[in-house]
Every structure is written in structure tokens, then in C-alpha cells.
Amino acid sequence: MSFKIPETCREWQARARRIADRYVRPLARKYDRLQEYNYEATKVLAEEGLFRVFIPDQYGGEKSSILSLCLVVEELAKADAGYGVAFAVNALGSFPIIVGGTEEQKRKYLPQVACGKKLAAFCLSEKLAGSNAAGLLCRAERAADGWVIKGEKKWTTNATVADLYSVFAVTDPASKSRRISAFIVEKGTPGFSFGKVEDKMGIRCVPVVETIFDNVRVPEENLLGGKPGLGFKHAMMTLDCARPGVAAQAVGAAQGALELAMVYANRRQQFGQPISSFQMVQQMLSDMAMQTEAARWLVYAAAAAVDNNEENLTKRAAMAKCFASDTAVKVATDAVQIFGGYGFMEDYPIAKFYRDAKILQIYEGTNQIQRMVIARHLVKEANGLTHLEEFIPKETQEFFGADVGAAEQ
Ligand code: CAA
């Protein structure tokens, strides 16, 4: 595979880095402490056109691609892993419209996100439906003039700040494969309100909130794709597009933690020399750097697979999300170790990386779900490797096609 990052993507990355250095990193501690949203950074990102990076060009985007989105998110997350998701979640909230919206829906909503006028959020998870995304209870029923949504959502990232919400609800409880539909709900719609604001361990600068739908009436034109029953597919397609972005957030978090650990290790003196001169510290730094670099290229490859609509994009997105988030947790943990006792203190910036990293293994599909998705693909791919069957010893082949255990029962 030959892979080169196009110059346009690099330009987006450079722009994001400048903004992150000025408006994200210096404010990271403040907003983490206060659990408040960084409106300054969002305003500047909007003014500098960064929201155009994930919106298709014909709907207000500019040279957009998932790869560019990933490079931007990586830069923001390197400065503040929490702010990385505060930005990326707008892509997650917009992807349902991008992958499943009607032409009218795309024309109406996407340009408003592209110019940063409207922020977006994604309402899928519920108290009783996390990994099992198909097990939703939130209902939407037909009414004379459209639909009425009733129910509650849990862990809506960006809720209260966002203006547009992609909401998944059950429209046909009797159906197995066409049970769910998605709706676009605007903030301020009567009956749509916010519940508990979560007090989180990390990513404290972005609100994660319960969203409540108390007989929320939405017109027919807000049914995503104009047809009911497509919601689950649209949710899965959305997650395929969004998971490389979470993975990029993880790469940014890992890189940010690594760089702080490098600087600290060079300054911190013990036994009369910088701790970076000790082989055990060097080994830790080297491993952290290798793991981060490996994750980075897995993420870029997954982003390119989504951009090119490659057949294996679901598997690649899951691999990138899983590997990069495991890496972020490992690297942030080792970075705290390098900082020693100081690393455990909130006066130092590294503890925040450690707290911010953990959620990456959980949201947008736990890493157990990612491994399940990857394994399902591997099992299917194995069926195509018939040319290898002759290398499996004959004694095993005798049992091919026969479930001996089942026959004995
Ligand atoms: N693209 C298109 N269609 C897909 C698909 C994909 N990637 N994956 C599945 N589908 C389709 C299947 O083809 C199937 O269609 P038919 O019924 O027509 O055959 C249908 O969807 C059902 O598929 P599965 O049988 O695979 O569904 P499942 O219930 O066994 O498993 C799952 C699906 C992978 C476990 C899924 O539920 C999942 O990804 N769960 C995790 C949920 C998740 O990631 N939540 C994150 C919430 S968002 C968040 O966290 C964001 C935040 O706060 C920042």
C-alpha cells in the first residue's frame, strides 16, 4: 500500500495546530476544572472554516475528507483530548444527514454546520441500550402532520451546546430489521429538554447530558432519508465514518502525553542526571513513540478507507478505534509513571491526559464491540481462504462440516 497525505489535508492540519496552540492548550486546565465548554476555540475554528472539513463540498464543505477531519482532531486532542471530542462530535452528529439524509435535508442543515453556525449531536445510546444499539426503547409514532418522539437518551455528548440532534427511535417495534428510524430534532422544539448533566472523570470540557423527548412533534421532512426503518443502518454507517475520528482523538491524546513526558524526562534530575538518560525511561519513551506512530498510520489508513468507500472500511474503522484508544490509555499511563509522584497531582498537566484517555476505550462502541466487529469480518474472510485448507492436517479436515459435539448430544 502506498500512502501519501495530500497537501490539502496538511493545510487543514497546520491551521488546526495554530488554533490549538493558541486557543485550546492554554485554556485546557481551566475548562477541565470548571467543566465548561470552550466557546472561544469553537468560535475561532468556525471563523477559520474548520467545520467545513467534514461536510461534503456541495453542501458548504471545503476539500473535505475523513482524513482531513482526523488530522484536525488529532491536533486539537494533542492540545486537549477533551476538546478533541468537543469538535469531533459535530461530525458524529452530522454524519447521519451526510450518509442518510434526503437532498433537501442535506441542503437545509449541512451548510449551517459547515459555517459553524449550528453545532450537532448524536442521540443513540439509552440507559438500557449501550452496546446493544438495536435495543432502543425511545419511540416515535406517526401523527397527522409528522411524528411524535417519546423517550430519553443517555450520554448525549455536546447536548445543551448543540443546535441539531440526530435522534434514533423505534418506529416499528414488530420489525426486526426495520425497527428504528432517525430524526433531525432542533434545539428549542417543544418537549425537547435536557436532564442530568454528567459529572465525568475526563473530557470535562464537553457536556455529556441526558436528553428528554416528551411528545416532541417533528414534521415528516425531519424523518432522516424520508423513509422509516433505515435508522439502524444509518447509525452503523455513521459510526463507520466517525470511528476514525475517535481514533484520531486517541492518537492526539497519546502524542500530547508523550511530548509532555519527553520534556519532563529531559528536565527532571535524579541521581545527578536527567531521568531521560536512564535506560528504563528511554525504553518507556521509545515504546510510547512506537505505539503512537503505529496507531497514527492505522488511523490514516482507516480514514482513507472510508474516504475511498473501500469494502473493508467497517473493519478498518473498528481496528483503528480499538488500537488507537488502547494505545492512548497505555501511553497516558506510562506518561504519568514518568512524571512519578508529580504525575499524580492535578497541578501537572499529565493527570488530565490519563483521565481523558479512558473514555476512548468506551464511547462510539466499546473496544469489546470493536473486537467483535473485527472478528465477524475475519470469520467471513476465512471462508474466502479455501486455498489454505489443503495445509490443514487431514485429521482435522475429516471433521470439516461435521459438528461432532452436536451429533453426540
Ligand atoms: N454498515 C451498514 N449496515 C450495517 C453495518 C454497517 N457497518 N453494520 C451492521 N449493519 C446492518 C446489517 O447489515 C444488518 O442489516 P439487515 O438487517 O438488513 O441484514 C443490520 O445492520 C443489523 O446488523 P447486525 O446483525 O450486525 O447487528 P447486531 O445487533 O448484531 O450488532 C453492533 C451490531 C455492531 C453490536 C452494533 O450494535 C454496535 O456497533 N454497537 C455499539 C453501539 C455504539 O457504538 N454506540 C456508540 C454510541 S455513540 C457515542 O458513544 C458517541 C459519543 O458519546 C461521543
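Residues numbered from 1 in each chain as written. Predicted model: local features only at pLDDT ≥ 70, side-chain atom pairs only at ≥ 80, totals over all residues. Heavy atoms only, no water.

Here we come to the site of the ligand. Taken together, 24 residues surround the ligand, and among them S131, T157, D240, E364 and R376 come closest. One nitrogen or oxygen atom from the side chain of T314 is found 3.4 Å from a nitrogen atom belonging to the ligand. Take G365: an N or O atom from its main chain is 3.0 Å from an oxygen atom of the ligand. In the complex, the protein chains occlude 71% of the 1100 Å² of accessible area that the ligand would expose alone. At the level of secondary structure, the elements contributing two or more residues to the shell around the ligand comprise β3 (146–157), α6 (231–267) and α10 (367–382). It is α6 that provides the largest number of residues to the shell around the ligand, a total of 7 residues. Residue assignment places the shell around the ligand across two domains, with domain 2 (121–229) and domain 3 (233–382) each supplying three or more. (Near = heavy atom within 4 Å. Polar contact = N/O pair within 3.5 Å; in protein donor to acceptor, adjacent residues only side chain to side chain. Areas by Shrake-Rupley, 256 points an atom, 1.4 Å probe, with all protein chains shown as cover. Helix = DSSP H or I, 4+ residues; strand = E, 2+ residues; numbered from the N terminus. Domains from an automatic or database assignment.)

This next bit is on the domain arrangement of the protein chain. Accessible area lost when the parts come together is the quantity often used to give the size of an interface. Per the domain assignment, the segments of the protein chain are domain 1 (7–119), domain 2 (121–229) and domain 3 (233–382). Computed from C-alpha atoms alone, the centre-to-centre distance between domain 2 and domain 3 is 30 Å. Every contact between the two is made by 10 residues of domain 2 and, on the other side, 13 residues of domain 3. Here domain 2 packs against domain 3, burying approximately 930 Å² in sum over the two surfaces, 73% of which is carbon and sulfur. Together, S131, M201 and I203 form the three largest contributors to the area buried by domain 2 at its contact with domain 3, with a combined 48%. Across the contact surface, domain 2 and domain 3 share 0 salt bridges. When grouped by side-chain class, the residues that make up the side of domain 2 that touches domain 3 number 7 nonpolar, 2 polar and 1 charged. (Contact = heavy atoms within 4.5 Å. Buried area = accessible area lost by both parts, 1.4 Å probe. Salt bridge = Lys/Arg side-chain N within 4 Å of Asp/Glu carboxyl O. Nonpolar A, V, L, I, M, F, W, Y, C, P; charged D, E, K, R; others polar.)

It is worth spelling out helix α9 (residues 350–358) at this point. The buried fraction of α9 is high, at 7 of 9 residues. Among the residues making up α9, those that are buried are I350, A351, K352, F353, R355, D356 and A357. Looking at the packing, one finds that the buried side of α9 touches α1 (7–34), α3 (66–79), α4 (81–100), α6 and α8 (313–339). (Buried < 20%, exposed > 50% of the residue type's maximum accessible area, 1.4 Å probe, protein only.)

This part covers a nonpolar patch on the surface. Together, L385, L388 and F391 give the surface a local cluster of nonpolar side chains, amounting to about 310 Å² of exposed area. Here L385 is to be found in the loop between α10 and α11 (394–397). (Patch = residues over 30% accessible without salt bridge, like charges linked within 9 Å, V, L, I, M, F, W, Y side chains within 5 Å.)

Opposite charge on two side chains makes pairing possible when the charged atoms of those side chains draw close. Going through the model one piece at a time under the given rule, you end up with 26 salt bridges. A salt bridge links R107 to E103, with the shortest nitrogen-to-oxygen separation between them at 3.4 Å. Residue R107 and its partner E103 are both found in helix α5 (residues 103–114); the two are separated by 4 residues, about one turn of the helix. Looking at R107, the relative accessible area reads 55%, which means it is exposed. Looking at E103, the relative accessible area reads 35%, which means it is partly exposed. The shortest N-O distance in the salt bridge between K127 and E152 comes to 3.7 Å. Residue K127 is located in the loop between β1 (120–123) and β2 (139–143), and its partner E152 is located in strand β3; the two are separated by 25 residues in the primary sequence.

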